[in-house]
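Close look at the chain arrangement
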Amino acid sequence: MTVQAYTVEQVAEILSIGRDKVYFLIRSGQLRSIKIGKSRRITDRHLAEFLAALEEVR
């Protein structure tokens, strides 16, 4: 099983939003993340769950 873990900056680029918005989504619990040392990472599963939740709202 291969898991991709993205940086906040990479997720911001993928979603075409700002870095601060990604941190806001993490703080508000809308986007899950993991912490490795001092670094924050968002796995491909976290990103998929976030996007699926957005689709459900519609």
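In case you missed it, the structure is sitting above this.
Residues numbered from 1 in each chain as written. Predicted model: local features only at pLDDT ≥ 70, side-chain atom pairs only at ≥ 80, totals over all residues. Heavy atoms only, no water.

Details of the sheet that holds strand β3 (residues 39–43)
- An order of β1-β3-β2 is seen for the three strands of this open sheet, with the pairing classed as antiparallel. Either end of the sheet is taken by a strand with one partner, and the two such strands are β1 (5–7) and β2 (34–36). Sheet twist, expressed as the mean angle between neighbouring strand axes with direction ignored, is 45°.
- As judged from the three bridges shared by β2 and β3, these two strands associate in the antiparallel manner. The residue of β3 that forms the bridge with Lys35 is Arg40.
- Along the sheet, helix α1 (residues 8–15) makes contact with β1 and β3, crossing β1 at roughly 90°.
- Sheet strands touched by helix α3 (residues 44–57): β1, β2 and β3. Its angle to β3, the strand with the most contacts, is close to 60°. (Pairing = 2+ DSSP bridges. Helix = DSSP H or I, 4+ residues; strand = E, 2+ residues; numbered from the N terminus. Axes fitted to C-alpha atoms, helices over the stretch in contact; angles between N-to-C directions. Contact = heavy atoms within 4.5 Å.)

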